[in-house]
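The lines below spell out each chain.
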Amino acid sequence: MANAKVLAGATRLKQTIRILNDHWLVTEATWSDVVRRRFEERHLEPLSPAVDAAVVGLQKLAEVLDKVRRDCSDRSELS
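Residues numbered from 1 in each chain as written. Predicted model: local features only at pLDDT ≥ 70, side-chain atom pairs only at ≥ 80, totals over all residues. Heavy atoms only, no water.

Engineer: Can you tell me about the overall build of the protein, naming the residues and giving the values?
Structural biologist: Along the protein, the regular secondary structure elements total three helices and zero strands. Shown N-terminal to C-terminal, the secondary structure of the protein runs as helices and strands in the order α-α-α. The C-alpha radius of gyration of the protein comes to 19 Å, more than 25% above the 12 Å expected for a compact globule of 79 residues. With respect to the principal axes defined by its C-alpha atoms, the protein has extents near 70 × 15 × 10 Å. Accessible surface computed for the protein: about 6,200 Å², of which carbon and sulfur atoms make up 60%. Separation of charge centres in the protein, based on 13 positive and 12 negative side chains, amounts to 4 Å. (Helix = DSSP H or I, 4+ residues; strand = E, 2+ residues; numbered from the N terminus. Rg over C-alpha atoms; globule rule 2.2 N^0.38 Å. Areas by Shrake-Rupley, 256 points an atom, 1.4 Å probe, with all protein chains shown as cover. Lys, Arg positive; Asp, Glu negative; His and termini not counted. Charge placed at Lys NZ, Arg CZ, Asp CG, Glu CD.)

Here you go:
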C-alpha cells in the first residue's frame, strides 16, 4: 500500500507541473516582457527536469518498498 501512495504522489506531481505550465502559457497573452522571460528561465524551466528526476526516484522507491514487503513476508512464512 505504501508504494501505491508513492506512485500516486508521483502522478500528482506530474499532473501539477502540467497544470502549472498550462497556466503559465495563459499569462503569455498579457505578460511578455524581459521580466517574464527571466522568471521563466530562472524558476520554471528548471522545474521540469527536476520533476522528471523526482518521479524516477519515486518510482524506484516504490520498487524498493515492494521488494522489502515481499522479502519480509517471505521471511515471516519461514517462521
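Engineer: Can you tell me about the pattern of salt bridges, naming the residues and giving the values?
Structural biologist: If the charged atoms of two oppositely charged side chains come close together, the side chains can form a pair. The tally for this structure, following the rule as stated, stands at six salt bridges. The salt bridge partner of aspartate 66 is arginine 70, with a shortest N-O separation of 2.9 Å. Of this pair, aspartate 66 and arginine 70 are both found in helix 3 (residues 47-78), four residues apart, which corresponds to roughly one turn of the helix. Members of the salt-bridge network, linked through shared partners, are Arg36, Arg37, Glu40, Glu41 and Glu45. (Salt bridge = Lys/Arg side-chain N within 4 Å of Asp/Glu carboxyl O.)

Engineer: Explain helix 1 (residues 2-27) to me, using residue names and the numbers behind them.
Structural biologist: Between its terminal C-alpha atoms helix 1 stretches 38 Å, which fits the 38 Å expected from 26 residues at 1.5 Å a residue. Of all the residues in helix 1, the buried ones are Asn3, Val6, Ala10, Ile17 and Trp24. (Expected span 1.5 Å × (residues − 1). Buried < 20%, exposed > 50% of the residue type's maximum accessible area, 1.4 Å probe, protein only.)

Engineer: Describe the packing of helix 1 against helix 2 (residues 34-44), and please don't skip the residues or the numbers.
Structural biologist: At a closest axis distance of 12 Å, the pairing of helix 1 and helix 2 adopts a crossing angle of 170°. Relative to helix 2, the element helix 1 is oriented roughly antiparallel. Where helix 1 approaches helix 2, its residues Leu20, Trp24, Leu25 and Thr27 are matched on the opposing element by Arg36, Phe39, Glu40 and Leu44. Here the residues of the contact of helix 1 with helix 2 are counted per class, giving five nonpolar, one polar and two charged. (Axes fitted to C-alpha atoms, helices over the stretch in contact; angles between N-to-C directions. Parallel < 35°, antiparallel > 145°, perpendicular 65-115°, else oblique. Contact = heavy atoms within 4.5 Å. Nonpolar A, V, L, I, M, F, W, Y, C, P; charged D, E, K, R; others polar.)

Engineer: Lay out the confidence of the model for the protein with the relevant residues and their values.
Structural biologist: Parts of the model with low pLDDT should not have their predicted coordinates read in detail. Averaged over all residues, the pLDDT of the protein is 92; the fraction at 70 or higher stands at 94%. Across the protein, helix 2 holds the top mean pLDDT of 97, while helix 3 sits lowest at 90. (pLDDT = per-residue confidence, 0-100.)

Engineer: Tell me what's going on with helix 2, and back it up with residues and numbers.
Structural biologist: Because each turn of an α-helix spans 3.6 residues, side chains separated by three or four positions end up pointing in the same direction. Where helix 2 is concerned, the buried positions are Arg36, Glu40 and Leu44. Looking down the long axis of helix 2, one finds its buried residues gathered within 40° of arc, a one-sided arrangement. Away from the buried face of helix 2 by more than 90 degrees, exposed residues Val34 and Arg42 are located. (Arc of directions from axis to C-beta.)

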